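Listed below, chain by chain, are the residues.
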Amino acid sequence: MTDLTGKRIVVTGCASGIGAATTQTLRARGAYVIGVDRTETTEANEFWRTDLSDKTSIERLVDGLSENIDGLANIAGLPPTAPPEIVIKVNLVGLKYLTEGLAPKLAEGASIVNLASLAGFGWAQSTPLIKEAEGLDFSDVAAFVEANGIDKEQGRSYFFSKEAIIAWTIKNRWVWRDRGIRMNCVSPGPVETPILKDFLETLGERAEEDMKVMDRPGRPSDIAPVIAFMLSDDSAWLRGFNLCVDGGMSSHILSSMHGL
């Protein structure tokens with residue numbers, strides 16, 4: 001079992017779903033967890049109420065945290081049924097702003113893990129839009145969403161946010177290499193969390209077909225140990241890697257694409 005004794009790790013979205021399971025797993029393995037969420041919880045050793053769609057709220061968190069943070073798990077996210085502007089703010093802009101803000105306070109050898117999704121599997125086809133969104137600020141999101149029609153296609157805001165996070169992780173694999181800091185992401189498939197019904201509602205028949213090839217949906221307890229591994233010293237040579245934890249769904253997609 002991965003040992004995280006003595007490590008101080010920030011976990012966003014700690015109050016429910018994968019974030020709550022990760023918080024519990026990290027604590028069970030010896031970590032001191034600094035939980036971040038809009039909803040208060042007693043699961044973490046220390047809790048900060050923060051709204052990742054609000055720049056000021058993120059800055060308050062960054063200013064309040066002490067240095068020598070050993071890990072950051074960016075798990076908080078909104079489902080595809082939420083308003084597109086807020087989805088982009090929380091899942092993409094807020095995540096990046098928090099990560100870049102906390103970077104100076106990370107310890108040498110720290111690990112950053114971004115929770116992406118199988119929904120971001122086709123990120124390469126969205127490269128032009130991803131590049132356009134690279135410098136996106138909170139105040140720019142509404143115009144960006146409208147200009148690119150992201151609000152016109154149901155669920156597109158969620159898919160795009162996860163595509164962009166995977167690309168951002170890959171691109172920034174060596175940004176903090178001189179300090180031994182690495183960044184990777186974990187992409188779950190369908191997981192039994194409070195927002196699973198939102199995905200099924202958004203994707204309709206497409207989701208039903210996908211679920212037929214799986215033995216079961218994932219559980220938060222399937223994902224949390226993988227995130228714990230990615231935060232541990234055991235994953236020290238993984239850089240810019242997107243690890244799919246999806247019961248074989250990504251392999252199913254690849255097999256179908258390539259006629260295997």
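Everything below is about the structure shown above.
The residue numbering used here restarts from 1 in each chain and proceeds along that chain's sequence as written. The model is predicted, so local features are restricted to residues of pLDDT at least 70 and side-chain atom pairs to those at 80 or more, both for listing and for counting; the totals for chains, interfaces and linings are taken over all residues. Excluded from the side-chain calculation are hydrogens and water; included are all heavy atoms of the structure.

### Overview of the pairing of strand E5 (residues 106–115)
Now for step 1: The buried label goes to any residue with under 20% of its type's maximum accessible area, the exposed label to any with over 50%, and the partly exposed label to all in between, with areas taken from a 1.4 Å probe on protein chains only. Put simply, DSSP marks the helices as runs of H or I at least four residues long and the strands as runs of E at least two long, and each gets a number from the N terminus on. Among the ten residues of E5, eight are classified as buried, and the element is accordingly described as predominantly covered.
Now for step 2: Two elements, strand E4 (residues 69–74) and E5, share five bridges in a ladder whose sense is parallel. Paired with Ile69 across the two strands is Leu106, which belongs to E5.
Now for step 3: Looking down the strands as they point away from you, a crossover is right-handed if its path from the first strand over the helix to the second goes clockwise. Taking the sense of rotation as the criterion, the β-α-β connection linking E4, helix H3 (residues 84–102) and E5 turns out right-handed.
Now for step 4: Alignment of E5 against strand E6 (residues 182–188), held across five bridges, turns out to be parallel. Along E6, the bridge assignment pairs Ser111 with Arg182. One bridge is not enough; two strands pair if DSSP finds at least two bridges between them.

### Quick word on the pattern of salt bridges
Now for step 1: Only one rule defines a salt bridge in this text: a Lys or Arg side-chain nitrogen within 4 Å of an Asp or Glu carboxyl oxygen. All chains considered together, the criterion is met by eight salt bridges.
Now for step 2: Lys7 is the salt-bridge partner of Asp233, the closest N and O atoms lying 3.2 Å from each other. Remark: Lys7 occurs in the segment before strand E1 (8–12) and Asp233 occurs in the loop between helix H9 (220–231) and strand E7 (242–245); sequence separation between them is 226 residues.
Now for step 3: In this structure, Arg216 engages Asp222 in a salt bridge whose closest nitrogen and oxygen atoms are separated by 2.9 Å.

### Regarding the packing of aromatic side chains
When we look at a pair of aromatic rings, we describe it by the centre distance and by the angle of the planes.
Now for step 1: Aromatic pairing here means that ring centres of Phe, Tyr or Trp (its six-membered ring) are within 6.5 Å. Orientation follows from the plane angle: under 30 degrees is stacked, over 60 is edge-to-face, and everything else is tilted. Under the counting rule described, the total for this entry stands at three aromatic pairs.
Now for step 2: Ring centres of Tyr97 and Phe138 lie 5.6 Å apart, and the angle between their planes is 90 degrees; this geometry places the pair in the edge-to-face category. Here the residue Tyr97 occupies a position in helix H3, and Phe138 occupies one in the loop between helix H4 (127–132) and helix H5 (141–147), the gap between them amounting to 41 residues.
Now for step 3: Ring plane angle 80 degrees and centroid distance 6.4 Å describe the contact between Tyr158 and Phe159, whose orientation is recorded as edge-to-face. Exposure class is identical for Tyr158 and Phe159. Each is buried.
Now for step 4: Lysine NZ or arginine CZ positioned within 6 Å of the ring centre and within 35 degrees of the ring normal marks a charge as sitting over the ring. Sitting over the face of the ring of Trp174, Arg173 holds its NZ or CZ atom 4.6 Å from the ring centroid.

### So, the state of the cysteines
Now for step 1: Any two cysteine sulfur atoms within 2.5 Å of one another count as a disulfide. If you walk through the whole model with that rule in mind, you get zero disulfides.
Now for step 2: Cys244 takes part in no disulfide bond, and the closest cysteine sulfur to it belongs to Cys185, at a distance of 8.3 Å.

### Structural notes on the sheet that holds strand E3 (residues 46–49)
Now for step 1: What the seven strands build is an open sheet, ordered E3-E2-E1-E4-E5-E6-E7; its pairing is parallel. Of all strands in the sheet, those bounded by a partner on one side alone are E3 and E7. For this sheet, the mean angle separating the axes of adjacent strands, direction not counted, is 20 degrees.
Now for step 2: Sheet topology note: the E1/strand E2 (residues 32–37) ladder contains five bridges and is parallel. Bridge assignment links Val11 to a residue of E2, and that residue is Gly35.
Now for step 3: Two residues form a contact once any of their heavy atoms are found within 4.5 Å. Here an axis means a line fitted to C-alpha atoms, over the contact stretch when the element is a helix, while the angle between two N-to-C directions is reported on a 0 to 180 degree scale. Each of E1, E2, E5 and E6 is contacted by helix H1 (residues 17–28), which is oriented at about 165 degrees to E1, the strand it contacts most.

### A look at unusual backbone geometry
Now for step 1: Positive phi, normally seen in glycine, also occurs at Asn68, with a value near 60 degrees.
Now for step 2: By the element assignment, Asn68 lies in the loop between helix H2 (55–64) and E4.
Now for step 3: Note on Asn68: relative accessible area 53%, which makes it exposed.

### Overview of H2
Now for step 1: Residues of H2 that are buried: Ser57, Ile58, Leu61 and Val62. One face of H2 carries all of its buried residues, which in axial projection span an arc of 135 degrees. Every exposed residue of H2 that faces more than 90 degrees away from the buried side is listed here: Arg60 and Asp63.
Now for step 2: Contact partners of the buried residues in H2: E2, E3 and H3.
Now for step 3: For the purposes of these results, a polar contact is taken to be a pair of N or O atoms within 3.5 Å, where, inside protein, one atom must be able to donate a hydrogen and its partner to accept one; residues adjacent in sequence count only when each atom of the pair is a side-chain atom. Near the N-terminus of H2, the side chain that reaches the backbone nitrogen of Thr56, with its oxygen 3.2 Å away, is that of Asp54. Directions pointing from the helix axis toward each C-beta atom define the arc.

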